[in-house]
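Here is what each chain is made of, one letter per residue.
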Amino acid sequence: MANPHGKNSEKKCTVRLAKAADIAQVIAIDAENTGLFKDEYWQDLFERYNNRTAAPDDDAPLKSANRYRFFLVACDGDSVLGFIIGEVRAWEFGSPPCGWVFAIGVRNQIRQEGVGNTLFEALCDRFRKAGVYKVRTMLARDHTVIMSFFRSHGMMAGPFIELEKDL
Amino acid sequence: MKLQKATRCALFAILELAAGHDRQLSANEIAEKYGISTNHLAKVLRSLGRVGLVEAVRGAGGGYRFSGNRRRTTLLDIIQLFETIDPIRNGEREDGDDTAEGKALCQVLMEIEDTARATFASLTLDTMIKLVDRNR
């Protein structure tokens, strides 16, 4: 009988702030997942998220001005296995400060091996250290794989609703 | 939003059976816990058996056990066996739908249908069982 729990073995990895040398691998992972090479976009994100302070390795002090944005990578040695990006946002639409996750990606061949879970937990830990106790994200309604991932971490619909119109 | 009786029976049965590895329960045991008819539940379990989500265990102490994949099976997979949660999206039409008012109403109802569908499609049994545990 198939394993009804469907669990795969966990991939060992370490999580740290992304460095400039990681970005090419992040771009490759994103391209694997989306089919698009967005070099400039990822370089710009890195500059805005991790390159604002003098020492991008410094993941310890969570001074509000320096460390409320997190661009993290999960690594096995020099190999980047996945990434996650989030930031603490405050008072948008009346919401008290909370963590926002707006990008996550894992190499296709190691899906379901726990790298995404490790990245998400690492980002949540940093949000807690930054003083927030709520995490949010926004997803395409038909992107059920990623939505299932966030739901597996206990995320439920929040009190906000997204609206849009053609311009 | 309200689910049909057969759908609720199916969801309760699956959540019970999938809650533990190789868990085996009789239709009576499940029916008693949820206050539902054993006959009705037996029919529902046969439907779930036909699609490979449960299997009957014969003999003394027999019953049913979950035979699907907890991390792959979603609430939508089960619900769709018994009912359509997005009838307008699936082309069902009612009187007045061709008027401007009817079209506007369909547009609003489809928005609700799409959200319901996305919610059910993103909840795996594994996640649902964790949610059940948090409610104990």
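This report concerns the structure included in the present document. (Residues numbered from 1 in each chain as written. Chains lettered and ligands numbered in written order. Predicted model: local features only at pLDDT ≥ 70, side-chain atom pairs only at ≥ 80, totals over all residues. Heavy atoms only, no water.)

1. A closer look at the overall build of chain B
The condition is simple: The way it works is that DSSP assigns letters per residue, a run of H or I at least four long becomes a helix, a run of E at least two long becomes a strand, and they are numbered from the N terminus. Exposure is judged per residue with a 1.4 Å probe applied to protein chains only, and the accessible area is read against the type maximum: over 50% gives exposed, under 20% gives buried, and values in between give partly exposed. Any two residues having at least one pair of non-hydrogen atoms within 4.5 Å are treated as being in contact. What sets the accessible areas is the Shrake-Rupley method with a 1.4 Å probe; for residues, cover comes only from the shown protein chains. When charges are counted, neither His nor the chain ends are considered; positive counts come from Lys and Arg and negative counts from Asp and Glu. Positions of charges follow a simple convention, taking NZ of Lys, CZ of Arg, CG of Asp or CD of Glu.
A tally of regular secondary structure across chain B gives six helices and three strands. Each helix and strand of chain B, placed in order from N terminus to C terminus, yields the pattern α-β-α-α-β-β-α-α-α. Taken along the three principal axes of its C-alpha coordinates, chain B extends 60 × 30 × 25 Å. Within chain B, the fraction of its 136 residues that count as buried is 43%. Across chain B, contacts joining residues at least 24 apart in sequence account for 67% of those joining residues at least 6 apart. Here chain B has roughly 7900 Å² of accessible surface; of this, 48% comes from carbon and sulfur atoms. In chain B, which carries 20 positive and 19 negative side-chain charges, the distance between the mean positions of the two groups comes to 9 Å.

2. Let's talk about the side chain of B:D126
Topologically, B:D126 is positioned in helix α6 (residues 125–134). Among residues more than four places away in sequence, those in contact with B:D126 are B:R70 and B:R71.

3. A word on the interface of chain B and chain A
Spelled out, the test is: By buried area we mean how much accessible surface two parts lose on assembly, using a 1.4 Å probe and totalling the loss over both. Identification of polar contacts relies on pairs of N or O atoms within 3.5 Å, with a donor-acceptor requirement for protein atoms, meaning one able to donate a hydrogen and the other able to accept it, and with residues adjacent in sequence counted only if both atoms are side-chain atoms. Polar here means any residue other than Ala, Val, Leu, Ile, Met, Phe, Trp, Tyr, Cys and Pro, which are nonpolar, and Asp, Glu, Lys and Arg, which are charged; Gly is therefore polar.
Taken residue by residue, the interface counts 24 residues in chain B and 15 residues in chain A. In total, chain B and chain A occlude about 1700 Å² of area from one another, counting both sides; carbon and sulfur atoms represent 53% of this. Three residues, B:H21, B:R71 and B:S122, lead the burial of chain B against chain A; their summed loss comes to 30% of the area buried on that side. Applying the counting rule to chain B against chain A returns four residue pairs in polar contact (both at pLDDT 80 or more). At the level of secondary structure, the elements contributing two or more residues to the side of chain B that touches chain A comprise β3 (63–66), α5 (100–122) and α6 of chain B. Of the residues belonging to the side of chain B that touches chain A, the class tally is five nonpolar, nine polar and ten charged.

4. Describing the packing of aromatic side chains
Aromatic ring pairs are reported here in terms of the distance separating the ring centres and the angle at which the planes meet. Residues and elements named next belong to chain A. Under the convention used in this document: Aromatic rings from Phe, Tyr and Trp, with only the six-membered ring used for Trp, were paired whenever their centres fell within 6.5 Å, and each pair was classed as stacked if the ring planes differed by under 30 degrees, edge-to-face if by over 60, and tilted otherwise. Think of it as a cone above the ring: NZ of Lys or CZ of Arg counts as a charge over the ring if it is within 6 Å of the ring centre and within 35 degrees of the ring normal.
Applying the stated criterion across every chain, the model contains nine aromatic pairs over all chains. With centroids separated by 5.0 Å and ring planes inclined at 70°, the aromatic side chains of W42 and F83 adopt a geometry described as edge-to-face. In this pair, W42 is assigned in helix α2 (residues 39–49) and F83 in strand β3 (residues 79–89), connecting sequence segments 41 residues apart. Here W42 matches F83 in class, with each residue buried. With centroids separated by 6.1 Å and ring planes inclined at 85°, the aromatic side chains of F120 and F149 adopt a geometry described as edge-to-face. Here F120 is found in helix α3 (residues 115–129), whereas its partner F149 is found in helix α4 (residues 144–152), with 29 residues between them in sequence. You'll find F120 and F149 in the same group, each marked buried. Chaining the aromatic ring pairs together yields one cluster made of Y41, W42, F71 and F83. Just above the ring of Y49 sits the side chain of R69; from NZ or CZ to the centre is 5.0 Å.

5. Brief notes about the sheet that holds β3(B)
Residues and elements named next belong to chain B. Just so we agree on the cut-off: Strands are treated as partners if at least two bridges between them are detected by DSSP.
A sheet is described by the order of its strands in space; here three strands give the open sequence β1-β3-β2, paired in antiparallel fashion. With one partner strand each, in any of the chains shown, β1 (24–25) and β2 (54–57) form the two edges of the open sheet. Where β1 lies against β3, two bridges are found, and the strand directions are antiparallel. Looking across to β3, one finds that Q24 is bridged to R65.

6. A few points about α2(A)
All names here are of chain A. Here is the rule we go by: What the arc measures is the spread of directions leading from the helix axis to the C-beta atoms.
Within α2, burial applies to W42, L45, F46 and Y49. Summarising the axial view, the buried residues of α2 lie within an arc of 100°, below the 170-degree limit, and thus occupy one face. Turning to α2, the residues buried within the fold contact α1 (23–34), β2 (69–76), β3 and β4 (98–106).

7. Considerations on the packing of α4(A) against α5(B)
Quick note on the threshold: Lines are fitted to the C-alpha atoms to define the axes, a helix being fitted only along its stretch in contact, and any angle between axes, read from their N-to-C directions, falls within 0 to 180 degrees. Put simply, a crossing is left-handed when the front helix is turned counterclockwise from the back one by less than a right angle, and right-handed when it is turned clockwise.
Where α4(A) contacts α5(B), the two axes come as close as 8 Å, and the packing angle between them is 65°. Considering only the axes of α4(A) and α5(B), their crossing is right-handed. Together, A:T144, A:M147, A:S148 and A:R151 of α4(A) and B:A118, B:T119, B:A121 and B:S122 of α5(B) make up the contact between the two elements. In the contact of α4(A) with α5(B), the residues fall into three nonpolar, four polar and one charged.

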